[in-house]
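# Report on the structure
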Amino acid sequence: MFETERNDLVENLKLKGIKDENVLSAILNVPRHEFVQQIMLSHSYKDVALPIGYGQTISQPYTVAIMTEALKLQPNYKVLEIGTGSGYQAAILKQMGMQVFSIERNEQIYKRVQKLFDEKTIRVHCKCGDGTIGWNEHSPFNGIIVTAGSPTIPENLKKQLAVGGRLVIPVGDKTTQSLKILQKVSDEKFVVEEIPNFAFVPLIGREGWN
């Protein structure tokens, strides 16, 4: 089902500059239509964000691809996702062979995605809570991906990143953000890259928007 559309999507992502074959393979093999609402099924493989309820969205496939590529993942890396949402990003990470830990703030979305993960036997460690404070007991993480826009980079997440690891987070105001890619060189030093012009739902929490 939707095989042609998935192939077309992957070809489109290549044209937009996505080069990581592992990312492209995961997008080809993870059925995005299983993570969208039934009413949106026909739009599953369009390169757009789609609503999933409660003011949240499933990210545009290009956004998923560029953020995942920016993590520069190796097999069996430990990755923390802030904002489980539809579960699609976590499923992509799992398809790539990562140990995935994911935090969702909204209890209704959390319960829905837990049910979906159980049905699809997608083994992701999930919890419901404030993602801006991270998941310290499972740190350090080789990668941290934040799927909502923050006014600043939460200090807790920087602390929970392993040396050599990468944190990808949209930072800006509530309407537009730049994608910040931080590589942790030492406990005190980070190298930062930036990609402009992204739009995410707000990151709510102690170290995000209130």
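Our subject is the structure that appears above.
What this report covers is the structure whose coordinates are included nearby. Keep in mind the model is a prediction, meaning the values are calculated, not measured.

Take the packing of aromatic side chains next. For any pair of aromatic rings, the description rests on two quantities: the centre-to-centre distance and the angle between the ring planes. Taken as a whole, this structure holds 5 aromatic pairs when the rule is applied. Pairing phenylalanine 2 with tyrosine 45 gives two aromatic rings, centres 5.4 Å apart and planes at 45°, and the pair type is tilted. Of the two residues, phenylalanine 2 sits in the segment before α1 (3-15) while tyrosine 45 sits in the loop between α2 (21-29) and β1 (50-53), which places them 43 residues apart along the sequence. As far as the burial class goes, phenylalanine 2 and tyrosine 45 line up, both buried. Here the aromatic residues Phe101, Trp135 and Phe141 are joined through ring pairs into a cluster of three or more.

Its place among the elements puts glutamate 69 in helix α3 (residues 61-70). Here lysine 19 takes part through its backbone nitrogen, which lies 2.7 Å from a polar atom of the side chain of glutamate 69. The contacts of glutamate 69, once residues within four sequence positions are left out, are Gly17, Ile18, Lys19, Asp20 and Val23.

What follows covers the environment of lysine 16. Tracing the backbone shows lysine 16 in the loop between α1 and α2. Note on lysine 16: relative accessible area 39%, which makes it partly exposed. Distance from lysine 16 to arginine 6, taken between C-alpha atoms, is 15 Å for residues 10 residues apart in sequence. Excluding residues that lie within four positions of it along the chain, lysine 16 makes contacts with Asp47, Gln60 and Tyr62.

Counting across every chain of the model gives 0 disulfides. As a non-bridged cysteine, cysteine 126 has cysteine 128 as the owner of its nearest cysteine sulfur, 10 Å distant.

With that settled, the discussion passes to the pattern of salt bridges. Scanning the entire structure with this criterion turns up 8 salt bridges. In this structure, glutamate 11 engages lysine 14 in a salt bridge whose closest nitrogen and oxygen atoms are separated by 3.3 Å. Taken as a pair, glutamate 11 and lysine 14 lie in helix α1 at a separation of 3 residues, close to a single helical turn. Take lysine 14: its relative accessible area is 38%, and that puts it in the partly exposed class. Where glutamate 107 meets lysine 111, a salt bridge forms, and the shortest distance between an N and an O atom there is 3.4 Å. Pair noted here: glutamate 107 and lysine 111 are both in helix α5 (residues 107-119), with a separation of 4 residues, about one helical turn.

Quick look at the sheet that holds strand β7 (residues 161-172) now. If you trace the 7 strands from one edge of the open sheet to the other, you get β5-β4-β3-β6-β7-β8-β9, paired in mixed fashion. Taken across any chain shown, the strands that pair with only one partner, and hence form the sheet edges, are β5 (125-128) and β9 (190-198). Taking each pair of neighbouring strands and ignoring which way they run, the sheet shows an average axis angle of 15°. Here strand β3 (residues 78-82) runs beside strand β6 (residues 141-146); their pairing, made up of 4 bridges, is parallel. The partner of leucine 80 across the bridge, within β6, is isoleucine 144. Those strands touched by α3 are β6, β7, β8 (177-184) and β9, and its axis lies near 150° from that of β7.

Time to look at the nonpolar core. Within the largest apolar cluster, 49 residues are counted, with the highest numbers of intra-cluster contacts made by Ile27 and Phe35. Per-element tally for this core: the top contributor is α3, with 6 residues. Filtering out sequence-adjacent residues up to four positions away, isoleucine 27 remains in contact with Arg6, Leu9, Val10, Leu13, Pro61, Ala65, Tyr88 and Ile92.

In this structure, glutamate 104 sits in strand β4 (residues 99-104). A polar atom in the side chain of glutamate 104 sits 3.2 Å from the backbone nitrogen of threonine 84. Among residues more than four places away in sequence, those in contact with glutamate 104 are Gly83, Thr84, Gly85, Ile109, Tyr110, Lys127, Cys128 and Gly129.

Conventions used here
Every residue gets a number counted from 1 within its own chain, in the order that chain's sequence is written. Reporting of local features is limited, given that this is a predicted model, to residues whose pLDDT is at least 70; pairs of side-chain atoms are given and counted only at 80 or more, and all residues count toward the totals for whole chains, interfaces and linings. Think of the side-chain values as coming from all heavy atoms in the structure, minus any hydrogens and water. Put simply, two rings from Phe, Tyr or Trp (the six-membered ring, in Trp's case) pair if the centres are within 6.5 Å, and we call them stacked under 30 degrees between planes, edge-to-face over 60, tilted for the rest. Per the convention used, a helix needs a DSSP run of H or I reaching at least four residues, while a strand needs a run of E reaching at least two, with both numbered from the N terminus. For every residue, the accessible area (1.4 Å probe, protein chains only) is compared with the maximum for its type, and the residue is labelled buried under 20%, exposed over 50%, or partly exposed between those bounds. By the criterion applied in these results, polar contacts are pairs of N or O atoms within 3.5 Å in which, for protein atoms, one can donate a hydrogen and the other can accept it, and in which residues neighboring in sequence qualify only through two side-chain atoms. By definition in these notes, contact holds between two residues if any of their heavy atoms fall within 4.5 Å. The disulfide criterion is simple: two cysteine sulfur atoms within 2.5 Å. Just to be clear on terms, a salt bridge is a Lys or Arg side-chain nitrogen sitting within 4 Å of an Asp or Glu carboxyl oxygen. If DSSP finds at least two bridges between two strands, the strands pair. Comment: axis = line fitted to C-alpha atoms, over the contacting stretch for helices; angle = value between 0 and 180 degrees taken between N-to-C directions. Only buried residues count toward a nonpolar core, which is a set of Ala, Val, Leu, Ile, Met, Phe, Trp, Tyr and Cys residues joined through side-chain atoms within 4.5 Å.

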